[in-house]
Amino acid sequence: MVFARPQDALKAARAMLSDGRGPYELSIARQALGILHREFGAPESAIVELRHAVRLARRAGSPDREADVLATLGIALLRHGRTRPGLAALDRAADKAADRAADRTVDDSVDKAVDKAVSAADGTTWARVLFRRAGARWIVGWHREALDDLGLATPALLDAGDTVWAARALTLRGHVNLALGAVGSADADFRAAQRMFATTNQEHDSVVAVQNRGVVAFRSGDLPVALEFLDEADRRFKELGIPMFDLVADRCAVLLAAGLARDALEQADTGLALLARLRGQATMRAELLLIAARAALAAGDPAAARSRAEEAIGLFAGQRRAWWAEHARLILVQAGLAEGGASPRLLADARRLAARLARLGSPEVWQAHLLAGRAALALGRGRQAEEHLSAAASARHRGPATSRAGGWLAEALRAEAAGQPRRLLRACRAGLALIEEHRLTLGSSELRALVTAQGAELATLARRQSLRSGRSRGLLAWTERWRATALAVPAVRPPENPELLARLAALRDTDHRLAVARSSGAASAATLERDRARLEAQVRAGTLHVRGAAGQGERGPGAEQILAALGDGCLAELVIVDAVLYVLLCGGGRVRRFAVGPAATAVAEIEFARSRLRRLAYERRPDRAALAELGARLEASVLGPVAGRLGDGPVVVVPPSRLHEAPWGLLPSLRRRVFSIAPSAGAWLRAQAAERPGDGSIVLVRGPEVANAEQEVRVIAGLYDEAPARPTVLGGGSSTTRAVLDAIDGCLLAHVAAHGTFRADSPLFSSLLLDDGPLTGYDLERLRRAPYRLVLSSCDSGQMAAVGADELLGLATALLRLGTAGIVASVVPVNDETAVPVMVGLHDGLRRGLSLAEALCQARGDDVSFVAIGAG
């Protein structure tokens, strides 16, 4: 009852203690209380109760009972960090149970059926004790010894028909197999255990089986299925009122693999804080510290990773858990390399670590070899680098796609060190193909963008080689190979999930009430903020479950394809390699490379320009001389010598994600010409090929409380008086999320005049404020067909966040992914006085058959806020 119905078990145990029962029954009651305390946060009380239970079993003269309680006590001691006495108690329990089963002889004076039943019970106790000792050995990292115990216990429990304990033994065997890298065997064990638990009333164990299926899906590389299983387990554990810290660790591992390092770190730290409040298991604290260290390292915080890893190592050492301690040392050495670079001492540490992980049979040994290989390369020790990189490269032949990609990275580093460019590029191509294969399993646009970070170094190695060889076309091809590639993967529309739709509606309502509460200073604002954060987390979690669609992503266009599409125009692709900014100027049948300068200078100038423009946006007549000086500084840092070589035709600018938020209209070379911005040359080509809808429908939307929006929409609507179909106008209460989405789905042109909010912390929650609340990127992803053209006249509506290797997330990318040909939006605050004439002039040009970029060029005047994105 302890795991299936803990509250009922507590009541029953207390009732037995108050009934004046004999020592045998009292031992059972004390053992139940001990397990409850052990599992739910009172380890010292658990040990007291279990030692009392051992004494009672001894008084009852029942070696069988004593062995069972000793095994439970051993697990409690172990989880409290007292490894040596815990293992000793389990050994005593195993010996006692084995002696009891072996010494029983059939006495003719005793009823044979009774004796046979008692003998079978003794054998079952022995098998249960071995199972628990196997669990202890798994915790300390003695995996082979754990399998030895399970090899005896599992068939004995199956033969005895002990369904619950046999299923638990299969579950444990699955975990040991996972630790040894045998994912297929683990999956078979977990599936069998789940089927067996389904025939019992052990709800806790049934939920654990769901959790374990999630772990296997994760280890197999299927992140959406893993998150779905783990979220289901989380929900069911909460219904049972049971905090499960190993579930927190599992979720963190999946989030890390998905590129959500900050989310993983936050969840691990939250779990550690709760564990401390509950005075929970020391073994689990050490494991959560390890996952928090991994998350901090992935989030770019090596100092935090080092502090957490050092604490974890101390705990693991005290708990005599060598297997775990070595994995924490792996994080410690990786953090050392990230913080201070290579040193002879760090190389020696990495070499010793690789040897120890190999002896332990860890599937992560390749990471230690890669670490040692990197350090040796940095120190100029070629022979040692080759030794370790060769060992790490062996991972490319087995394991999940991301591990194999790591093996190909090691192979690429070997080839670079050996001066073999063809072998280097072959390794980069193979590694990136594996990550693309993995990405196709993901339906969430956020995960697709984030997972590209795992291929960033492979792409950099290939581009560095292209620079060395002087091949500008090769540099263009490799840049396009791994830039904004999430937009090249077939879009997946989230399924019609009523629960998700309800949460999106609840989020809009909460956001609306929060805005009212903030404006009035109501005390409810804090509660509403918590509600909004909870709903956002639920919406985001639901979208992460979406699986990828069948199909194949594009590999990026070649130079010939780009040059053929440009006509008399040119394309300037900005590339950052080893912190230096280059521009690849494509046009006139050629691809030319120009060095601009430090990328950090460009980033600083963009931020400076944006800061100045925020202030100038609120001036009635911005200083033209100040704008010109600002533009010249920005142009020198982002285009350099290319600014004077753009010719007279239209220009497409393709910046890396770090430079995408530049106010491009401020640049003197672009100010008076037709230009557009694209996340990648491939995205621009796809936008050019977007199919224009035949019905010519136009939708004009006015959000609440927008200055001049009513005039803007009215004047624009008048421009289309002679159009085949009158525009659909939504506003004044009719611009609800549902109405707007229905209207713009597949339309020719949509114009939205509504307040915009950009969310750098969670770009797909960037939104446009409608009458019933915010319309977010998650809402736009539910469109069946994207609008062919979209105009957003609100502030910062064109901003996108840089994520992954060279990816972007925001409202604009949500639509480009669905097939929108072009977007006009602002990348800085808009001057209200100039915005309306710009928008009216833009639509006048569109009405006369101009493209978005052409119409914006004619309408721009002195405005520098708006840019055309795509090719519409």
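To be clear, the structure that these remarks concern was listed above.
Treat the numbers as computed from the prediction; the structure is a model and nothing was measured.

1. A closer look at the sheet that holds strand β9 (residues 756–757)
Stage number 1. An order of β9-β10-β11 is seen for the three strands of this open sheet, with the pairing classed as antiparallel. The open sheet has two edge strands with one neighbour each: β9 and β11 (773–776).
Stage number 2. Bridge count for strand β10 (residues 767–770) against β11 is four bridges, and the pairing is antiparallel. Its bridge partner lying in β11, S767 is registered against T776.

2. Examining the nonpolar core
Stage number 1. In this structure, L574, V638 and W664 are the most contacted members of the largest nonpolar core, which totals 64 residues.
Stage number 2. The dominant element in this core, judged by the number of residues it contributes, is helix α28 (residues 599–616), at six residues.
Stage number 3. The residues contacting W664, other than those within four sequence positions of it, are L574, V638, V653, P655, L659, L670, F675, I677 and V867.

3. Let's talk about helix α32 (residues 709–719)
For an α-helix the count is 3.6 residues per turn, leaving residues at separations of three or four pointing the same way.
Stage number 1. Buried within α32 we find A709, E712, V713, I716 and A717. When α32 is viewed along its axis, its buried side chains cluster within an angular range of 125° and face the same direction. The exposed residues of α32 that point more than 90 degrees off its buried face are E710 and R714.

4. What to know about the packing of helix α25 (residues 498–520) against helix α26 (residues 525–544)
Stage number 1. One way to put it is that α25 packs onto α26 with a least axis distance of 9 Å and a crossing angle of 155°. One element, α25, and the other, α26, form an angle in the roughly antiparallel class. The hand of the α25/α26 crossing is left-handed. Mapping the contact onto sequence places L500, R503, L504, A506, L507, T510, D511, R513, L514, A517 and R518 in α25 and A525, L528, E529, D531, R532, L535, E536, Q538, V539 and T543 in α26.
Stage number 2. The class makeup of the residues in the contact of α25 with α26 is 10 nonpolar, three polar and eight charged.

5. Quick word on the side chain of R65
Stage number 1. Among the structural elements, R65 can be located in helix α4 (residues 63–79).
Stage number 2. In this structure, R65 is in contact with Y24, S27, I28, Q31 and A57, ignoring residues within four places of it in sequence.

6. Some details on the pairing of strand β2 (residues 580–587)
Stage number 1. Counting buried positions along β2 yields seven of eight residues, so the element is predominantly enclosed.
Stage number 2. With seven bridges connecting them, strand β1 (residues 570–577) and β2 associate as antiparallel partners. Among the inter-strand pairings, V577 is bridged to a residue of β2, identified as V580.
Stage number 3. Inspection of the sheet shows β2 paired to strand β3 (residues 590–598) by eight bridges, in the antiparallel sense. The residue of β3 that forms the bridge with L581 is G597.
Stage number 4. In this structure, the hairpin formed by β2 and β3 is closed by a connection of two residues, where G588 is found at a positive phi of approximately 60°.

Conventions adopted
- Residues numbered from 1 in each chain as written.
- Predicted model: local features only at pLDDT ≥ 70, side-chain atom pairs only at ≥ 80, totals over all residues.
- Heavy atoms only, no water.
- Pairing = 2+ DSSP bridges.
- Helix = DSSP H or I, 4+ residues; strand = E, 2+ residues; numbered from the N terminus.
- Core = buried A, V, L, I, M, F, W, Y, C linked by side-chain atoms within 4.5 Å.
- Buried < 20%, exposed > 50% of the residue type's maximum accessible area, 1.4 Å probe, protein only.
- Contact = heavy atoms within 4.5 Å.
- Arc of directions from axis to C-beta.
- Axes fitted to C-alpha atoms, helices over the stretch in contact; angles between N-to-C directions.
- Parallel < 35°, antiparallel > 145°, perpendicular 65-115°, else oblique.
- Left-handed = near helix turned anticlockwise from the far one by under 90°.
- Nonpolar A, V, L, I, M, F, W, Y, C, P; charged D, E, K, R; others polar.

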